[in-house]
Amino acid sequence: QVQLVESGGGLVQPGGSLRLSCVASGSIFSVNAMGWYRQAPGKQRDLVAIMTSGDSAHYANSVKGRFTISRDNAKNTVYLQMNSLKPEDTAVYYCKAIVRATRWQHEDDYWGQGTQVTVSS
């Protein structure tokens, strides 16, 4: 079983910064991509940023230049540094990891429980 635990959400004023963290633990043979998605009330869950095991990053257009994704592969951890936050960034942020649990299994998607980010004055 693989678990993802996020931390770092909270309330911040417009223009402020937050850093999200997500740690993958449990039965892990290898971790492929790790990334962040977000879901605002009444909207679908959308990709924010994702990074491959080779450190290739992809960002949603709405966050380019403001958010930075990074990984610590030794710790199976992914981070999201969020700067210049806007009210429209308010959402529940979910961590996702593509994990191979054992050498003999195919890769599966795993999700964290989500962390609330609220940008408001």
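Here's what I pulled together on the structure shown here. Bear in mind the structure is a predicted one, so any value in this text is a computation, not a measurement.

## Focus on the nonpolar core
Grouped together as the largest cluster of nonpolar side chains are 30 residues, with contacts concentrated most on W36, V48, F67, I69, L80, M82 and Y93. Of all the elements in the fold, those that place two or more residues in this core are β1 (2-7), β3 (18-26), β4 (30-39), β5 (46-51), β7 (67-72), β8 (77-82), β9 (91-100) and β11 (115-119). When neighbours within four sequence positions are excluded, F67 is seen to be in contact with R38, V48, Y59, L80, Q81, M82, N83, L85, D89 and Y93.

## A closer look at the pattern of salt bridges
Evaluated as defined, the whole model comprises three salt bridges. Notably, a salt bridge pairs D89 with R38, separated by 2.9 Å at the nearest N-O pair. Note that D89 is positioned in the loop between β8 and β9 and R38 in strand β4, a separation of 51 residues in sequence. For D89, a relative accessible area of 1% translates into the label buried. With its nearest N and O atoms 3.4 Å apart, the salt bridge here joins K96 to D109. Within this pair, whereas K96 is found in strand β9, its partner D109 is found in strand β10 (residues 107-111), the two being separated by 13 residues in sequence. Bridged by salt links that share partners, the residues R38, R66 and D89 form one connected network.

## Focus: the environment of L11
Relative to the helices and strands, L11 resides in strand β2 (residues 10-12). Looking at L11, the relative accessible area reads 65%, which means it is exposed. For the pair L11 and D89, spaced 78 residues apart in sequence, the C-alpha separation works out to 11 Å. Setting aside residues no more than four positions away along its own chain, L11 makes contact with T118 and S120.

## Describing the sheet that holds β7
Across the sheet, which stays open at both edges, the four strands sit in the order β1-β3-β8-β7 with antiparallel pairing between neighbours. Two strands in the sheet have a free side with no partner beyond their single neighbour: β1 and β7. The sheet shows a mean angle of 15° between the axes of neighbouring strands, direction not considered. Taken together, the six bridges between β3 and β8 define a ladder with antiparallel strand orientation. Paired with V23 across the bridge in β8 is T77.

## Digging into the state of the cysteines
Under the definition given, this model contains one disulfide. The side chain of C22 participates in a disulfide bridge whose partner is C95; the two sulfur atoms lie 2.1 Å from each other. Taking the sign of the S-S torsion, -80° for the link of C22 and C95, the bridge is left-handed. Separated by 73 residues along the polypeptide, C22 in strand β3 and C95 in strand β9 bring together distant segments of the chain. C95 gets classed as buried once you look at its relative accessible area, which sits at 0%.

## Here's the deal with the layout of surface pockets
Vacant regions in the atomic arrangement are exposed by a probe of water-molecule size rolled over the atoms. Approximately 200 Å³ is the volume found for the largest pocket. Taken together, 15 residues make up the lining of the largest pocket; nearest its centre are R38, A40, K43, D46 and E88. Residue assignment for the lining of the largest pocket shows that the elements contributing at least two residues are β4 and β5. Among the elements that take part in the lining of the largest pocket, β5 stands out by supplying three residues, more than any other. Partitioning the lining of the largest pocket into residue classes produces six nonpolar, four polar and five charged.

What counts and what doesn't
Residues numbered from 1 in each chain as written. Predicted model: local features only at pLDDT ≥ 70, side-chain atom pairs only at ≥ 80, totals over all residues. Heavy atoms only, no water. Core = buried A, V, L, I, M, F, W, Y, C linked by side-chain atoms within 4.5 Å. Buried < 20%, exposed > 50% of the residue type's maximum accessible area, 1.4 Å probe, protein only. Helix = DSSP H or I, 4+ residues; strand = E, 2+ residues; numbered from the N terminus. Contact = heavy atoms within 4.5 Å. Salt bridge = Lys/Arg side-chain N within 4 Å of Asp/Glu carboxyl O. Pairing = 2+ DSSP bridges. Axes fitted to C-alpha atoms, helices over the stretch in contact; angles between N-to-C directions. Disulfide = S-S within 2.5 Å. 1 Å grid on protein atoms, 1.4 Å probe; cavity = no way out; pocket = protein on both sides within 12 Å on 5 of 7 lines; lining within 4 Å. Points joined across faces, edges and corners; volume = space filled by probe spheres on them. Nonpolar A, V, L, I, M, F, W, Y, C, P; charged D, E, K, R; others polar.

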